[in-house]
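Chain by chain, the residues run as shown.
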Amino acid sequence: MGAVLIIVAFGLVLLPDSVNKDQVPPEKLLKEIMSQSRYISPDLVASRMIDEDPSIFLVDVRSAEEYSAYTLPGALNIPLENLLDNEWKPYLEQTGVDVVLISNDNLYAEQAWVLCTRSGYKNIYVLKGGLNQWFADIMQPQMPAPTEPAEAFDLYTFRKGASKYFGGGSDDQMVTSNKIESLPVIQRTKKSAAAGGC
Amino acid sequence: MIELTKTRRLTVATIIFVLIILVGLITFRRPDHKYTITSQEMLTIVNAPDNFIQLNDINNSALVLVDLRQAYDFNKGTIGDAINIPVSDILDKEVINMLIDWQKESKTVVIFSDNLQSATAPWMLWRQMGYDNIKLLSGGFCKYISSRSGIEGATGDNMTEKPALDYGEFIKNASGGQEVVTPNSTIQISPIKRTKKSAAAGGC
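Small disclaimer: the values here were computed from a predicted structure and weren't measured.

**With respect to the sheet that holds strand E2 (residues 63-67) of chain B**
All names here are of chain B.
Then step 1. Pairing is parallel across the open sheet formed by 5 strands, whose spatial order is E1-E5-E4-E2-E3. Strands with a single pairing partner mark the edges of an open sheet, and in this sheet they are strand E1 (52-53) and strand E3 (83-84).
Then step 2. Relative to strand E5 (residues 134-137), strand E4 (residues 108-112) runs parallel, the two sharing 3 bridges. Bridge pairing in E5 links isoleucine 111 to leucine 136.
Then step 3. Contacting E1, E4 and E5, helix H5 (residues 116-128) runs over the sheet at an angle of about 175° to E5.

Here it is, written out as structure tokens:
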């Protein structure tokens, strides 16, 4: 009888801790909210997609209609209202994969991000500015002013190329030589293994 | 004699029981902040249309305006008689006490930041902690400034999440009538591997 009571006492004391264990507490959620690292720029997403980076996974949180009208290549549709359905859990909770949430702007993506983060999912990102920013930056890049630094021109060239890659097809004159000039190959003679020794 | 030992044992057990409970209650730190609604309930709230207050309606004196921007920006100017609660302070004790008071007085609290997006996450955090009298200012501070100076017309419309252009149409035109990128059907995932804990292996 006494033993049972002691066990029950232990159980009661430990119980409140185990409830909601896999949820991120509000204090930690606030820290995550204040950190701006959840935003990923369209340029970074584009360059990772062009490189066929397997560790990036796009999730479109818009409605099914908007998704079927247009989405980024390879994106999966999880409408915001179904975000917490069990069938999507394995897609949002992956190891070593950055899940990027996409909407037209970042409002829906941000809301989805808060809910995912509360559920304890890691590596969830928000496409900064959403598809609107994507189209402004990648699909319709603005030519930088002549006075801008070289980086701006590099970025512009990258965006032009990316725009072609994603089907934008700019009519601008781009250097599109498909032929790769064959580089002179320097024959390197193999050094013979060090001979002898003592 | 046997009766006596039995009673004594029982007494000892009861004392230990009470002690453990007491120690547990004293040492157990209750979390300062708790969610009062589940994620699923929050999702329903997020998809409801009545989370926003339009710019035209903020002159109502029953509203409490809360500016979530940094103190530096707040001091340069704010909307009406808004009070400043920077995002970093939204879980502070005084702030929570204010929220509780406002909720008791059933005042509607309208929060804003530079734009709607940056006020959304703090708003969701508060809502999940049960302060259901909080609403978002549609558009945010930037929109307020531009509507006041008549740059974009003083509609205060909630323009967020509207596509800037018809994406599908744009791609179709740009790529000379080619097929629009159709959603990929074979999506690969790499699920989290849950490792089974192995039984403790032998020592020496």
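**Regarding unusual backbone geometry**
Residue and element names in this part refer to chain A.
Then step 1. For glutamate 52, which is not a glycine, the phi torsion comes out positive at approximately 50°.
Then step 2. Position of glutamate 52 among the secondary structure elements: in the loop between helix H3 (42-50) and strand E2 (56-60).
Then step 3. Backbone geometry places asparagine 123, a non-glycine residue, at a positive phi of 55°.
Then step 4. As for its position among the elements, asparagine 123 is in the loop between helix H6 (107-118) and strand E5 (124-127).

**Points about the pattern of salt bridges**
Side chains that differ in charge, positive against negative, can pair when their charged atoms come close.
Then step 1. Applying the stated criterion across every chain, the model contains 8 salt bridges over all chains.
Then step 2. Residue lysine 107 of chain B is joined to glutamate 105 of chain B by a salt bridge in which the shortest nitrogen-to-oxygen separation is 3.5 Å.
Then step 3. Connected via shared salt-bridge partners are Asp43, Asp137 and Arg159 of chain A.

**Here we look at the packing of helix H2 (residues 26-34) of chain A against H6 of chain A**
Any two packed helices are characterised by how steeply their axes cross, that is the angle between the axes, and by the distance between the axes.
Residues and elements named next belong to chain A.
Then step 1. Where H2 contacts H6, the axes come no closer than 10 Å and their chain directions differ by 140°. With respect to their mutual orientation, H2 and H6 come out oblique. Note that H2 runs across H6; the crossing there is right-handed. Along its contact with H2, which presents Leu29, Glu32 and Ile33, the element H6 presents Trp113, Val114, Thr117 and Arg118.
Then step 2. Partitioned by chemical class, the residues of the contact of H2 with H6 number 4 nonpolar, 1 polar and 2 charged.

**A few points about the pairing of strand E4 (residues 98-102) of chain A**
Residue and element names in this part refer to chain A.
Then step 1. Taking burial as the measure, the 5 residues of E4 include 5 buried ones, the bulk of the element.
Then step 2. Pairing of E2 with E4 involves 5 bridges; the strand directions are parallel. Bridged to phenylalanine 57 within E4 is valine 99.
Then step 3. Sheet topology note: the E4/E5 ladder contains 3 bridges and is parallel. Each bridged residue has a counterpart across the sheet, and for leucine 101 the counterpart in E5 is valine 126.
Then step 4. Once the chain exits E4 it traverses H6 before rejoining the sheet at E5, and the crossover so formed is right-handed.

**Some points on the packing of H6 of chain A against H5 of chain B**
Then step 1. Where H6 of chain A meets H5 of chain B, the axes come as close as 9 Å, and the angle between the chain directions of the two elements is 35°. Considering the relative orientation of H6 of chain A and H5 of chain B, their crossing is right-handed. Listed contacts from H5 of chain B to Leu107, Glu110, Gln111, Val114, Leu115 and Arg118 of chain A of H6 of chain A are Leu116, Gln117, Thr120, Ala121, Met124 and Gln128 of chain B.

**Concerning a nonpolar patch on the surface**
All names here are of chain B.
Then step 1. A contiguous nonpolar patch, built from Val18, Leu22 and Ile26 and spanning about 300 Å² of accessible area, is present on the exposed surface.
Then step 2. Within the fold, valine 18 resides in helix H1 (residues 2-27).
Then step 3. Classification of valine 18 as partly exposed rests on a relative accessible area of 42%.

Parameters at a glance
- Residues numbered from 1 in each chain as written.
- Chains lettered and ligands numbered in written order.
- Predicted model: local features only at pLDDT ≥ 70, side-chain atom pairs only at ≥ 80, totals over all residues.
- Heavy atoms only, no water.
- Pairing = 2+ DSSP bridges.
- Helix = DSSP H or I, 4+ residues; strand = E, 2+ residues; numbered from the N terminus.
- Contact = heavy atoms within 4.5 Å.
- Axes fitted to C-alpha atoms, helices over the stretch in contact; angles between N-to-C directions.
- Salt bridge = Lys/Arg side-chain N within 4 Å of Asp/Glu carboxyl O.
- Parallel < 35°, antiparallel > 145°, perpendicular 65-115°, else oblique.
- Left-handed = near helix turned anticlockwise from the far one by under 90°.
- Nonpolar A, V, L, I, M, F, W, Y, C, P; charged D, E, K, R; others polar.
- Buried < 20%, exposed > 50% of the residue type's maximum accessible area, 1.4 Å probe, protein only.
- Right-handed = clockwise from strand over helix to strand, strands pointing away.
- Patch = residues over 30% accessible without salt bridge, like charges linked within 9 Å, V, L, I, M, F, W, Y side chains within 5 Å.
- Areas by Shrake-Rupley, 256 points an atom, 1.4 Å probe, with all protein chains shown as cover.

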